[in-house]
Amino acid sequence: MKEYTFDLFGLNDVSKFLNDNRFLIDVIGTISKNEAISVISTEDTSKSRMKLELEDGRNMVMVTFFNEFGQSFEKALKAIEAKNVVVVITSAKVNKYEATGEIYLTNYPATRFYLSPKHYSVELLHKSVKCLQAEEETDTTLYTIKEIKNFTKDYIEKNVLCHVTVKKVEEECNL
């Protein structure tokens, strides 16, 4: 089994590397909307780019891979045929689109990508995204204990908020 070593940065930290040309960064995320778009230049058909949005549940960053690197990414992505592919990009260069001022990552000679590698960070990302989804699905209505006791089976394994006041604490416990 191949061992991977990454020095992963959060997508929210990408912009900090824009003006620091000494470092390339490693990031992890999923492809937004499971979509990556390949574009061939109309002026020069030998030039192409692969554009995608990488997200980690809270943050998003644009990614543009150029020419052969983008083509190899597209080919690998099609070959994996999976939904919610986790992408690890190592040694990526941080740039800014001149027209929009938007920060993006791009390939550099040292850049590599890994699609859903067997690495603990992939599992951590999946757990983080599940927690964020659970937070979004939480019913924010405030319920009493009496109301919670009367819930139907529709509320099984749903997160709800409850406000309680502790009036008495028994120090002895009957087991």
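Report on the accompanying structure. (Residues numbered from 1 in each chain as written. Predicted model: local features only at pLDDT ≥ 70, side-chain atom pairs only at ≥ 80, totals over all residues. Heavy atoms only, no water.)

**As for the overall build of the protein chain**
For step 1, the next point in the chain: Across its full length, the protein chain holds 3 helices and 9 strands.
For step 2, the next point in the chain: The N-to-C order of helical and strand elements in the protein chain reads β-β-β-β-α-β-β-β-α-β-α-β.
For step 3, the next point in the chain: By the burial criterion, 31% of the 175 residues in the protein chain qualify as buried. (Helix = DSSP H or I, 4+ residues; strand = E, 2+ residues; numbered from the N terminus. Buried < 20%, exposed > 50% of the residue type's maximum accessible area, 1.4 Å probe, protein only.)

**Considering the pairing of strand β4 (residues 60-66)**
For step 1, the next point in the chain: Of all 7 residues that make up β4, 5 are buried, and the element is covered over most of its length.
For step 2, the next point in the chain: Strand direction decides the pairing type here: strand β3 (residues 48-55) and β4, joined by 7 bridges, are antiparallel. Bridging from a neighbouring strand, E55 pairs with M60 of β4.
For step 3, the next point in the chain: Hairpin connection of β3 to β4: 4 residues between the antiparallel strands, including G57 at a positive phi of 105 degrees.
For step 4, the next point in the chain: In this structure, β4 lies alongside strand β6 (residues 103-106), joined through 3 bridges in parallel fashion. Across the sheet, V63 pairs through a bridge with L105, a residue of β6. (Pairing = 2+ DSSP bridges.)

**Comments concerning the packing of aromatic side chains**
For step 1, the next point in the chain: Taken as a whole and judged by the stated rule, the model has 7 aromatic pairs.
For step 2, the next point in the chain: Judged by centre distance (6.5 Å) and plane angle (85 degrees), the ring pair of F17 and F23 falls under edge-to-face.
For step 3, the next point in the chain: Classification of F17 by relative accessible area gives buried; the value is 14%.
For step 4, the next point in the chain: The structure contains a cluster of three or more aromatic residues connected by ring pairs, namely F65, F69, F73 and F113. (Phe/Tyr/Trp six-rings, centres within 6.5 Å; stacked < 30°, edge-to-face > 60°.)

**Considering the nonpolar core**
For step 1, the next point in the chain: Core analysis: the largest hydrophobic core is formed by 24 residues, its most contacted members being V14, L54, F73 and L105.
For step 2, the next point in the chain: Every element with two or more residues in this core is listed here: β2 (25-40), β3, β4, α1 (67-80), β5 (86-96), β6 and β7 (112-115).
For step 3, the next point in the chain: For this core, the element with the most residues is β5, which contributes 4 residues.
For step 4, the next point in the chain: The residues touching V14, leaving out its near neighbours within four places in the chain, are I25, V27, V61, V94, I103 and L105. (Core = buried A, V, L, I, M, F, W, Y, C linked by side-chain atoms within 4.5 Å. Contact = heavy atoms within 4.5 Å.)

**Comments concerning α1**
For step 1, the next point in the chain: An ideal rise of 1.5 Å per residue puts 20 Å on 14 residues; α1 measures up with 20 Å between its terminal C-alpha atoms.
For step 2, the next point in the chain: If you check which residues of α1 are buried, you get F69, G70 and F73. Across the axial projection of α1, the buried residues extend over an arc of 95 degrees, all falling on one side. In α1, those exposed residues whose orientation departs by more than 90 degrees from the buried face are E68, K75, K78 and A79.
For step 3, the next point in the chain: The first or second residue beyond α1 is E81, which carries a positive phi of 45 degrees. (Expected span 1.5 Å × (residues − 1). Arc of directions from axis to C-beta.)

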